[in-house]
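A look at the structure
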Amino acid sequence: EYARKYHGETHVRKFVARNSYIAAERWNGESELFEHLRENFRDLISMPDSSRVGVYTPDGEQIATIGDWIVQDSSGTVFVMKDDIFNRKYKALA
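Predicted, not measured: the structure shown is a model, and the values here were computed from it.

**Focus: the nonpolar core**
The tendency in soluble globular proteins is for nonpolar side chains to be buried side by side. Residues Trp27, Leu33, Phe34, Leu37, Phe41, Ile45, Val53, Val55, Ala64, Ile70, Val78 and Val80 constitute the largest nonpolar core, which totals 12 residues. Put simply, the parts of the chain that give this core at least two residues each are helix H1 (31-41), strand S5 (52-57) and strand S8 (78-81). At 4 residues, the largest contribution of residues to this core is made by H1. Residues in contact with Val80, not counting those within four places in the same chain, are Val55, Gln62, Ile63, Ala64, Asp68 and Trp69. Trp69, Val71, Phe79 and Tyr90 belong to the second-largest nonpolar core, a separate cluster that totals 6 residues.

**Some points on the sheet that holds S5**
Spatially, 3 strands are ordered S4-S5-S6 in an open sheet, and the strand pairing comes out antiparallel. Either end of the sheet is taken by a strand with one partner, and the two such strands are strand S4 (45-49) and strand S6 (60-65). Ignoring strand direction, the axes of neighbouring strands in this sheet form an average angle of 30 degrees. Relative to S5, S4 is paired through 3 bridges, and the arrangement is antiparallel. The partner of Ile45 across the bridge, within S5, is Val55. H1 rests against S4 and S5 of the sheet, and its axis sits at about 150 degrees to S4.

**A word on the sheet that holds strand S3 (residues 23-26)**
In any sheet, the strands associate via hydrogen bonds between backbone groups, in a parallel or an antiparallel arrangement. Spatially, 3 strands are ordered S3-S7-S8 in an open sheet, and the strand pairing comes out antiparallel. At either margin of the open sheet sits one strand with a lone partner, and together these are S3 and S8. In this sheet, neighbouring strand axes are inclined to one another by 20 degrees on average, regardless of whether the strands run parallel or antiparallel. As paired strands, strand S7 (residues 69-72) and S8 are joined by 4 bridges and run antiparallel to one another. Within S8, the position partnered with Gln72 by the bridge is Val78.

**Things to note about the pairing of S8**
Of the two faces of S8, the one carrying Val78 and Val80 and the one carrying Phe79 and Met81 are both buried. Hairpin connection between S7 and S8: a loop of 5 residues separates the two successive antiparallel strands, and Gly76 in this loop has a positive phi of roughly 100 degrees.

**Looking at the side chain of Thr57**
Note on placement: Thr57 falls in strand S5. Residue classification places Thr57 among the buried residues on the basis of a relative accessible area of 13%. Polar side-chain contacts of Thr57 include one of 2.6 Å to the backbone oxygen of Gly60. In contact with Thr57, not counting residues within four places along its chain, are Gln62, Val78 and Phe79.

Cut-offs and rules
Residues numbered from 1 in each chain as written. Predicted model: local features only at pLDDT ≥ 70, side-chain atom pairs only at ≥ 80, totals over all residues. Heavy atoms only, no water. Core = buried A, V, L, I, M, F, W, Y, C linked by side-chain atoms within 4.5 Å. Buried < 20%, exposed > 50% of the residue type's maximum accessible area, 1.4 Å probe, protein only. Helix = DSSP H or I, 4+ residues; strand = E, 2+ residues; numbered from the N terminus. Contact = heavy atoms within 4.5 Å. Pairing = 2+ DSSP bridges. Axes fitted to C-alpha atoms, helices over the stretch in contact; angles between N-to-C directions. Polar contact = N/O pair within 3.5 Å; in protein donor to acceptor, adjacent residues only side chain to side chain.

Structure follows, in structure tokens:
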């Protein structure tokens, strides 16, 4: 059943994401950052040109453009996330 009745009203169950930690860098087009990413993600990352980074995910290649985030979740999966989504979902620890 998709909804439950409480005190005569219908309510949809609500959920909150569990706390999870990620590692992330915001792509800025600089070769020094690419080298840092390459050290951490090895063969999961490539640089097709100076403004883009290719990230190999379980679902196929994703392209990060300047301003996107390259994220590694707690399970080790690396993926690309747009800046606005990243900022809604995460906040820096320090």
